[in-house]
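# Descriptive analysis of the structure
Next come the chains, spelled out residue by residue.
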Amino acid sequence: TDLVPPSVPTNFTSSNITNTGVTLSWLFSSNPDGTLADGYKVYQGTTEIANITSTTYNVTGLTNGTLYKFFVSAYDANGNESATNGPLNVTTSNTP
């Protein structure tokens, strides 16, 4: 059985930072055989906030003027999860 996780997602960046949200993006990860990872998990601190197949995620419901730490990992069809990329520090804007 396959026990090797996909590569760690790279180029983990934030954009469109507002007072309550942020857009996170990263590059596709691949498995050792060259196929793409099956999906990605996004974490806010230690809490998983998304389990998706795309390489962008819009975080909403944040508090203005607050520092958040985000992480992203990739996983394959067998559930092998890569190490995380992060922390990506994001401070929401202070405007109400």
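Before any of the text, the structure's been laid out above.
All figures in this text were calculated on a predicted structure; none of them were measured in a lab.

Conventions adopted
Residues numbered from 1 in each chain as written. Predicted model: local features only at pLDDT ≥ 70, side-chain atom pairs only at ≥ 80, totals over all residues. Heavy atoms only, no water. Helix = DSSP H or I, 4+ residues; strand = E, 2+ residues; numbered from the N terminus. Buried < 20%, exposed > 50% of the residue type's maximum accessible area, 1.4 Å probe, protein only. Contact = heavy atoms within 4.5 Å. Areas by Shrake-Rupley, 256 points an atom, 1.4 Å probe, with all protein chains shown as cover. Pairing = 2+ DSSP bridges. Axes fitted to C-alpha atoms, helices over the stretch in contact; angles between N-to-C directions. Core = buried A, V, L, I, M, F, W, Y, C linked by side-chain atoms within 4.5 Å.

As a further point, take the overall build of the protein. In terms of regular secondary structure, the protein is built from zero helices and seven strands. Taken along its principal axes, the extent of the C-alpha atoms in the protein is 50 × 20 × 15 Å. A burial count over the protein gives 38% of its 96 residues as buried. Put simply, of all contacts in the protein between residues at least 6 apart along the chain, 59% involve residues at least 24 apart. Here the protein has roughly 5200 Å² of accessible surface; of this, 52% comes from carbon and sulfur atoms.

Taking strand neighbours across the sheet as the criterion, the four strands line up as β4-β3-β6-β7 in an open arrangement whose pairing is antiparallel. Only two strands of the sheet have a single neighbouring strand rather than two, namely β4 (47-52) and β7 (85-91). Sheet twist, expressed as the mean angle between neighbouring strand axes with direction ignored, is 25°. Looking at chain direction, strand β3 (residues 39-44) and β4 are connected through five bridges and run antiparallel. If you follow Y43 over to β4, its bridge partner there is E48.

Moving on: the sheet that holds strand β1 (residues 13-15). The strand order across the open sheet built from three strands is β1-β2-β5, with neighbouring strands paired in antiparallel fashion. Either end of the sheet is taken by a strand with one partner, and the two such strands are β1 and β5 (56-59). Strand-to-strand twist in this sheet, taken as the mean axis angle between neighbours without regard to direction, amounts to 25°. Relative to strand β2 (residues 22-25), β1 runs antiparallel, the two sharing three bridges. Note that in β2 the partner of S14 across the bridge is L24.

Glancing now at the nonpolar core. With 17 residues, the main nonpolar core has F12, V22, L24, W26 and F70 as its most contacted residues. Of all the elements in the fold, those that place two or more residues in this core are β2, β3, β4, β6 (67-75) and β7. Ranked by residues supplied to this core, first place goes to β6 with four residues. In this structure L24 touches F12, T13, S14, V42, T55, T56, Y57, V59, F70 and L88, once residues within four positions along its chain are discounted.

To continue, consider the side chain of N80. Looking at the element boundaries, N80 is found in the loop between β6 and β7. Classification of N80 as buried rests on a relative accessible area of 14%. Once you skip the residues sitting within four places of it in the chain, N80 turns out to touch D2, L3, V4, P5, P6, A74 and Y75.

A regular strand places its side chains so that they alternate between the two faces of the sheet. Counting buried residues along β6, seven of its nine residues qualify, which places the element largely inside the surrounding structure. The pairing of β3 with β6 spans six bridges and is antiparallel. Its bridge partner lying in β6, Q44 is registered against F70.

Function cannot be inferred from these measures alone, as they are strictly geometric.
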